[in-house]
Each structure stands twice: as C-alpha cells, then as structure tokens.
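Chain residues, written in single-letter form:
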Amino acid sequence: MRYSGLKVITEGLFGNKGWKPAWRNPAPKPAYDAIVIGGGGHGLSTAYYLAKNHGLTNIAVLEKGYLGGGNVGRNTTIVRANYFLPGNQEFYSHSLKLWEGLESELNYNVMHSQRGLINLFHSDGQRDAFARRGNAMITQGDDAILLDRDGVRELLPWLDFDQTRFPIYGGLLHPRGGTARHDAVAWGYARGADRRGVDLIQNCEVTGIDIEGGKVVGVQTTRGPIRAPKVGIVVAGRSSQVAAMAGMRLPIESHVLQAFVTEGLKPVINHVISFGMGHFYISQSDKGGLVFGGDLDFYASYAARGNLPMVEHVMEAGMTLMPMIGRARVLRSWGGIMDMSPDGSPIIDKTHVEGLYLDCGWNYGGFKAVPASGWCMAHLMATDTPHEVARRFRLDRFATGHLLDEEGTGSQHNLH
C-alpha cells in the first residue's frame, strides 16, 4: 500500500476500512542469511539498507520487546550535522543528506522539520571555538552562520540576554538542523524493511550467540535457536550485555539520559536551541509541548528512568536561559539508556568473531545518526569492509589511541 494525501482523504470518506497493517508479524524461521539484533532505529535502518542497497532479503530483525520501544522513542528528536572533527564530520553530513530524502524514500511522514539549530555561546573563547566549528562545517559542505548578540536577539528575543553570570554573546546557526518524529522514524524504516521481505520479529529476546571455530553460526532466543552466518549487534545501551554473550568486553558504559516535555503551548520556539553554559537543549514539538533535556545522570545504570537531582539540574539550566519556561507545566519525563564510549564517538566495526558485527557507542548522537548508521552497518555486514564515511569508527582505536574526542574532555565516558 502506498500512502498519499488522496489515500487519506479516500479512507476518511469510506470509514477508514481499507488500511492494512504497516508490517507483518511473522514467526521466526530456523535460519536466515543475516540477523540484526535490535529493533530500534539503527537496527531497522540496517535491515532496510541491507535489503535495498545490497539485495539481501532473507533477514531477521530480533527485538526483545516491541519495535521502537528503546532509545529511538526516548530522545529529544534532534537532527543535525554540526560536527568539527574529520571522521564525525563526513558521517553526520552523510546522515543529514539521507534525512532530507527520507520521507520520499520510505513513503512515510517522519515529520522531518529543518527549523534550524542555534548553539549559544557566552564568552570570547566560546565564540572563537564556534567560529572554528562553523568554518569546519562549511568546508565539509554543510551550512553554518555565526550570529552576534543582536542576530540571536532577532531570532530568539525571549531569552534572558541580561543575566550577569552567563551573558549571551551570540550563537552558531545551523539552518539545516532541526527535528523529526522519533517513533515515526522507527515505523517508517520498519514498514520499508518489511516491504522488502525482512522479517521483523518482536518479543524475541536473544539469550546467547552461537560461535563455532571462531565463526558465528546463529543465536539462541526465547523463541528458539535461529541460525545465520552474519549477526549484527545493534542494541544501544544493551551493547555490553549482548556482546558479553560472544565473550567480548566493550569499552562502553551505559548511562541514563532524561528528557522532558511540557503541556502544549502556542508556537513560541521556532528553532532547536542549545545553551552553551549548561547541557540544556530545547525545541517545541508539533503538538506544542516544549521538549528538552540536559546532562546524563552521571552513574552507570540500565534503568530507563532518571533521578530527581538531575531533574533539578536540567530545570535550573532552563530557567537560567529562559525564565519564562517556569510557567509551563511538565507533563512527563523519560530516560534512555545511552551507550557511552570513552571518546564520545561511535563504533561500527567487525569483531574478532567472523561474521559478528558491532554498531554502538552513540552517546548523545544516536537519533540523528539513524540513517547513516544503518547505511554504513549494512555496507559492513554485506561487504565485510567499512563504508568510507565510517572508516574511523573502528573498535581498535581505543587500543591505538587514535580517538575521535569531539568534546575534548578526555577518555571519560560520562563527560561525553
């Protein structure tokens, strides 16, 4: 079934009786050519591009819960390509280009909104750093505009410009940045993968990885054993636990990142805004809620919920930047389990086990990377060679010291 405006009107006129399920709900087969563990955004996009780009259709995505029930539905929906270091630059630039054609590609409305992203700066040093970043973005082929104080005030007049502790000096505007509807992205890739023959198997937890003679031969699940010569681990904050089934100890810590949404309000925030003197970022959803988040909870955890001290910390940052937010009622909060790497950059690589592949370490950047992550992971699984834009995301960089430390904060997981 192809979605269209005409189809919506027609179904509305005739009682919405012609809609079909967006994807099948098959039972697992005994064997596949490839298995992707994890039914989130990265896993679903990997399966989709394995089918679309490489012609593999005998694929299964195994998800222990329901599709899109993990981090892809537990984030602040930001899409951007404003990275500084070679390695990250070309990857996220590639991802943004995929975002821009995604709705047409999938025939699915993921509500991608390029409303622009503004990173505020509050000192001469920060201004110089963002000027360098903006120049690097332009050199890469992306867009960046350095705004002075008046330029920011023209776009965001309701910020507190007169605070004495963190005065706003200006901001770096990334016009092609923006947001997308997180769960719609998962649904769109799920539907697209299913249409190309991929089996999406929910409520199927992987409990073991079968290895014979140094090669992966399949997995054990709560719905029985499934054989496959290629297996991709794409499970975000659960990466260390699943990799341990193959005898691997990853350089990953799992931390909780909280996010919040307020009651629906009239349109007031037209951009995505990032506070330069506190890890606070905010946008407004299409339903009117203010969606915002901040720092990690700063202790390792697999619990998809947060703690009250970090709630207070995030609210303080929001009040410092824009005191008017204090009049909005917070409706709910949620936590995502973040797979934090030591240098803050991801891992897309083969493992020491032949046929076993790893996609993890997305830190704060997992949602905006969904298209390119799947594209590059699919290329790796299909060809056994890294894609050019992901060639620096090797696992061995933590042994060699060739790190991609975008933040410049050193090898400490919870600082990224």
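The structure displayed is predicted, hence computed values, not measured ones. (Residues numbered from 1 in each chain as written. Predicted model: local features only at pLDDT ≥ 70, side-chain atom pairs only at ≥ 80, totals over all residues. Heavy atoms only, no water.)

**Student:** It is not clear to me how the sheet that holds strand S8 (residues 199-201) should be interpreted in this structure. Could you clarify?
**Tutor:** Sheet strands pair via backbone hydrogen bonds, and the direction of the pair is either parallel or antiparallel. Read from one edge to the other, the open sheet built from 6 strands follows the order S8-S2-S1-S12-S19-S18, with strand pairing classed as mixed. Edge strands, defined here as strands with exactly one partner in the open sheet, are S8 and strand S18 (347-350). Pairs of neighbouring strands in the sheet enclose a mean axial angle of 15°, with direction left out of account. Looking at chain direction, strand S12 (residues 231-233) and strand S19 (residues 356-360) are connected through 3 bridges and run parallel. Opposite Gly232, over in S19, you have Tyr357 as the bridge partner. Seen against the sheet, helix H2 (residues 41-54) touches strand S1 (34-37), strand S2 (59-62), S8 and S19 and runs at an angle of roughly 175° to S2. (Pairing = 2+ DSSP bridges. Helix = DSSP H or I, 4+ residues; strand = E, 2+ residues; numbered from the N terminus. Axes fitted to C-alpha atoms, helices over the stretch in contact; angles between N-to-C directions. Contact = heavy atoms within 4.5 Å.)

**Student:** I'm lost on the pattern of salt bridges in this one. Help?
**Tutor:** When the charged atoms of two side chains with opposite charge come close together, those side chains can pair. The final tally for this structure, using the stated rule, is 17 salt bridges. When the shortest N-O distance is used, the salt bridge between Glu406 and Arg133 registers 3.2 Å. You can see Glu406 sitting in the segment after helix H11 (397-400) and its partner Arg133 sitting in helix H5 (residues 124-140), a full 273 residues away along the chain. The class of Arg133 is buried, set by a relative accessible area of 18%. A single salt-bridge network, built from bridges that share partners, covers Glu100, Asp142, Asp143 and Arg176. (Salt bridge = Lys/Arg side-chain N within 4 Å of Asp/Glu carboxyl O. Buried < 20%, exposed > 50% of the residue type's maximum accessible area, 1.4 Å probe, protein only.)

**Student:** What exactly am I supposed to notice about the packing of H2 against helix H7 (residues 182-195) here?
**Tutor:** When two helices pack together, their arrangement is given by the angle between the helix axes and the distance between those axes. Contact geometry for H2 and H7: axes closest at 9 Å, N-to-C directions at 30°. In terms of their interaxial angle, H2 and H7 are classed as roughly parallel. Taken as a pair, H2 and H7 cross one another with a handedness that is left-handed. Along its contact with H2, which presents Leu44, Ser45, Tyr48 and Tyr49, the element H7 presents Ala186, Tyr189, Ala190, Gly192 and Ala193. Tallied by class, residues from the contact of H2 with H7 come to 7 nonpolar, 2 polar and no charged. (Parallel < 35°, antiparallel > 145°, perpendicular 65-115°, else oblique. Left-handed = near helix turned anticlockwise from the far one by under 90°. Nonpolar A, V, L, I, M, F, W, Y, C, P; charged D, E, K, R; others polar.)

**Student:** Would you take a moment to explain H5 for this structure?
**Tutor:** Side chains that are three or four residues apart share a direction in an α-helix, a result of its 3.6 residues per turn. The terminal C-alpha atoms of H5, which comprises 17 residues, lie 24 Å apart, in line with the 24 Å expected from a rise of 1.5 Å per residue. Among all positions of H5, only Gln126, Phe130, Arg133, Gly134, Ala136 and Met137 are buried. Down the axis, H5 shows its buried residues gathered within 160° of arc, on one side only. Opposite its buried face, H5 presents the exposed residues Asn135 and Thr139, each directed more than 90 degrees away. (Expected span 1.5 Å × (residues − 1). Arc of directions from axis to C-beta.)

**Student:** For this particular structure, what's the right way to read the side chain of Asp143?
**Tutor:** Within the secondary structure, Asp143 sits in the loop between H5 and strand S5 (145-148). Within polar-contact distance, the side chain of Asp143 engages the side chain of His174 at 3.0 Å. Looking at Asp143, its side chain comes within polar contact range of the main-chain nitrogen of Arg176, at 2.9 Å. (Polar contact = N/O pair within 3.5 Å; in protein donor to acceptor, adjacent residues only side chain to side chain.)

**Student:** Help me understand the sheet that holds strand S13 (residues 253-264) in this model?
**Tutor:** With mixed pairing, 8 strands are arranged side by side in an open sheet as S5-S6-S4-S14-S15-S16-S13-S17. Each edge of the open sheet carries a strand with a single partner, namely S5 and strand S17 (330-340). Sheet twist, expressed as the mean angle between neighbouring strand axes with direction ignored, is 20°. Seen against the sheet, H5 touches strand S4 (117-121), S5 and strand S6 (170-174) and runs at an angle of roughly 150° to S4.

**Student:** Please explain the environment of Asp143 as it appears in this structure.
**Tutor:** In this structure Asp143 comes out as buried when scored by relative accessible area, which is 15%. It is 7.0 Å that separates the C-alpha atoms of Asp143 and Arg176, two residues lying 33 residues apart in sequence. Once residues within four sequence positions are removed from consideration, Asp143 is found in contact with Met137, Leu173, His174, Pro175 and Arg176.

**Student:** Quick question: what am I supposed to make of the nonpolar core here?
**Tutor:** In summary, soluble globular proteins display a tendency toward joint burial of nonpolar side chains. One finds Phe91, Trp99, Tyr189 and Ile348 to be the most contacted residues of the largest nonpolar core, which totals 50 residues. Elements represented by at least two residues in this core include exactly S1, H2, S2, helix H3 (88-100), helix H4 (102-106), H7 and helix H10 (370-383). Residues Ile201, Cys204, Ile209 and Ile347 belong to the second largest nonpolar core, which totals 27 residues. (Core = buried A, V, L, I, M, F, W, Y, C linked by side-chain atoms within 4.5 Å.)

**Student:** Looking at this structure, how should I read the pairing of S4?
**Tutor:** In the case of a regular strand, side chains alternate between the two sheet surfaces. Along S4, 5 of the 5 residues are buried, which leaves the element largely enclosed by surrounding structure. Alternating residues of S4 divide into Leu117, Asn119 and Phe121 and Ile118 and Leu120, and every residue in both groups is buried. Bridge count between S4 and S6: 5 bridges; the pairing is antiparallel. Among the inter-strand pairings, Phe121 is bridged to a residue of S6, identified as Gly170. The pairing of S4 with strand S14 (residues 272-275) spans 3 bridges and is classified as parallel.

**Student:** Help me out: how do you make sense of H7 in this one?
**Tutor:** With 14 residues, H7 extends 20 Å from end C-alpha to end C-alpha; this agrees with the ideal 20 Å at 1.5 Å per step. Of all 14 residues in H7, 12 are buried, a share of seventy percent or more. Listed as buried for H7 are His182, Asp183, Ala184, Val185, Ala186, Gly188, Tyr189, Ala190, Arg191, Gly192, Ala193 and Asp194. The secondary structure elements touched by the buried residues of H7 are H2, H3, H4, S8 and H10.

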